[in-house]
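Notes for the structure review
One letter stands for each residue in the lines below.
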Amino acid sequence: MTNDDFAEIAGVVRRRSGIVLTSDKAYLLETRLGPVLSRFGLASLAALGQKLRRPDEALERAVVEALTTHESSFFRDGKPFEHLTKVLPRLIASRSPGAPLRIWSAACSTGQEPYSIAMLVADTMGARKDCRVEILATDISAEILQRARQGVFTQFEVQRGLPIRSLVKHFKQDGAKWKISPELAAMVRFEERNLLNDLSSLGRFDAIFCRNVLIYFDAPTKTRVLDALARRLTPDGVLYLGGAETVLGLTDRLVPIAGERGAYGTSPQRAAA
Ligand SMILES: C[S@@+](CC[C@H](N)C(=O)[O-])C[C@H]1O[C@@H](n2cnc3c(N)ncnc32)[C@H](O)[C@@H]1O
């Protein structure tokens, strides 16, 4: 593969998803694109680079799917979930009458994040009938969303971050795997969405989880996505980012919530509360 072929492949990924692949990531192409080469009858990465010089929707989509990282786990990093548990009563109280509480997992991968939110909501709100909760889970990858919708996880996956009492309460064993309960599955709606596209039709959210995806973008793309997320938050809504992500130096539409690592609000008054 020549530098030009690498640039062609990396260019497609960046244009379509925002993910930046620097030349030190060439090994990723070697390890992940094999199945794409076989599926499209291409002999090598060089042949792929050549083919991508002309627009090809199906091939470009497959390349992006193969080069996105889907690492996730239940209740990942703990803190955002503790914070959401703490602020849920305030968020519920500030809804307009009859309106649902809306939570968005904006790069949901295989579903551990939105299902963790659903477990938290079910466990915190119990039998409360006075508040409807909508959980929207989106990702750029159609293949990964299909997996997430199935709600089936391996023993290894449920052992990462999921308390045993939550496993027993919200999952059913199915051979060597675990399936999420129908009640919990019904709380989450999955939809294919690219964070680079117009998100305004999604409406506003009381809480947005956008974690461990901005790390793959360059600074202008991070700013663009953060500003778009800020516009999707209700005035007292909360945005949660991943442990290695921040808004600092990228946007002034979002401010850190004092004492809460990874949690952001849209105005200083609310953020300090
Ligand atoms: C590392 S996973 C993070 C999963 C979860 N949020 C977590 O923190 O455990 C990153 C996800 O971002 C998705 N992604 C990458 N670029 C995207 C984009 N432009 N729009 C939406 N999702 C994107 C990938 O498909 C992948 O599933």
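Just so it is clear, the model here is predicted, and its values are computed rather than measured.

Around the ligand there are 21 residues in total, and Ser-17, Ser-72, Arg-76, Asp-139 and Asn-212 lie nearest to it. In the environment of the ligand, a nitrogen atom lies 2.9 Å from a nitrogen or oxygen atom belonging to the backbone of Ala-107. Out of a free accessible area of 600 Å², the ligand has 99% covered by protein chains. When its residues are assigned to classes, the shell around the ligand shows six nonpolar, nine polar and six charged.

Caution applies to low-pLDDT regions: their predicted coordinates should not be interpreted in detail. Put simply, the protein chain has an average pLDDT of 94, and 96% of its residues get 70 or more. Segment residues 269-273 is flagged for pLDDT under 50; beyond a separation of four residues in sequence, or across chains, it makes seven contacts in the model.

Okay, the pairing of strand β2 (residues 133-139) next. Within β2, six of the seven residues are buried, leaving the element largely enclosed by the surrounding structure. As paired strands, strand β1 (residues 101-105) and β2 are joined by five bridges and run parallel to one another. Each residue of the ladder has a partner; that of Trp-104, found in β2, is Leu-136. Pairing geometry for β2 and strand β6 (residues 188-192), over five bridges, is parallel. Each bridged residue has a counterpart across the sheet, and for Asp-139 the counterpart in β6 is Glu-192.

Grouped together as the largest cluster of nonpolar side chains are 47 residues, with contacts concentrated most on Leu-33, Leu-48, Val-63, Trp-104 and Leu-239. Residue assignment for this core shows that the elements contributing at least two residues are α1 (3-17), α2 (26-32), α3 (34-39), α4 (45-51), α5 (57-67), β7 (205-210), α12 (219-232) and β8 (233-241). Two domains each put at least three residues into this core: domain 1 (3-67) and domain 2 (79-272). Residues contacting Leu-48, with those up to four places away along its chain left out, are Ile-9, Leu-33, Leu-37, Leu-42, Leu-59 and Val-63. In terms of nonpolar packing, the next biggest core, distinct from the first, is built from 39 residues, Ile-92, Ala-137, Val-158 and Val-238 among them.

A positive phi angle is found at Ser-109, which is not glycine, with a value near 50 degrees. With respect to the helices, strands and loops of the structure, Ser-109 is situated in the loop between β1 and α7 (112-125). With relative accessibility at 5%, the residue Ser-109 sits in the buried group. Even without glycine at this site, Asn-212 takes up a positive phi of about 60 degrees. One can find Asn-212 in the loop between β7 and α12. On the basis of relative accessibility, which here comes to 17%, the residue Asn-212 falls in the buried class.

Time to look at the packing of α1 against α5. Where α1 meets α5, the closest approach of the two axes is 10 Å, and the angle between their N-to-C directions is 85 degrees. Looking at the two axes, α1 sits roughly perpendicular to α5. Here α1 contributes Ile-9, Val-12, Val-13, Arg-15, Arg-16 and Ser-17 to the contact with α5, which in turn contributes Glu-57, Glu-60, Arg-61, Val-63, Val-64 and Leu-67. In terms of residue class, the contact of α1 with α5 is built from six nonpolar, one polar and five charged.

Let us look at the side chain of Arg-95. One can find Arg-95 in the loop between α6 (79-93) and β1. Side-chain polar atoms of Arg-95 contact the backbone oxygen of Ile-92, separated by 3.0 Å. When neighbours within four sequence positions are excluded, Arg-95 is seen to be in contact with Pro-100, Leu-101, Asp-130, Cys-131 and Arg-132.

Pairing is antiparallel across the open sheet formed by three strands, whose spatial order is β3-β5-β4. The outermost strands of the open sheet, each flanked by one partner alone, are β3 (152-154) and β4 (171-174). Recorded for the sheet is a direction-independent mean angle of 35 degrees between the axes of neighbouring strands. Across three bridges, the pairing between β3 and strand β5 (residues 177-180) is antiparallel. Bridging from a neighbouring strand, Val-152 pairs with Lys-179 of β5.

Reading guide: rules and limits
Residues numbered from 1 in each chain as written. Predicted model: local features only at pLDDT ≥ 70, side-chain atom pairs only at ≥ 80, totals over all residues. Heavy atoms only, no water. Near = heavy atom within 4 Å. Polar contact = N/O pair within 3.5 Å; in protein donor to acceptor, adjacent residues only side chain to side chain. Areas by Shrake-Rupley, 256 points an atom, 1.4 Å probe, with all protein chains shown as cover. Nonpolar A, V, L, I, M, F, W, Y, C, P; charged D, E, K, R; others polar. pLDDT = per-residue confidence, 0-100. Contact = heavy atoms within 4.5 Å. Buried < 20%, exposed > 50% of the residue type's maximum accessible area, 1.4 Å probe, protein only. Helix = DSSP H or I, 4+ residues; strand = E, 2+ residues; numbered from the N terminus. Pairing = 2+ DSSP bridges. Core = buried A, V, L, I, M, F, W, Y, C linked by side-chain atoms within 4.5 Å. Domains from an automatic or database assignment. Axes fitted to C-alpha atoms, helices over the stretch in contact; angles between N-to-C directions. Parallel < 35°, antiparallel > 145°, perpendicular 65-115°, else oblique.

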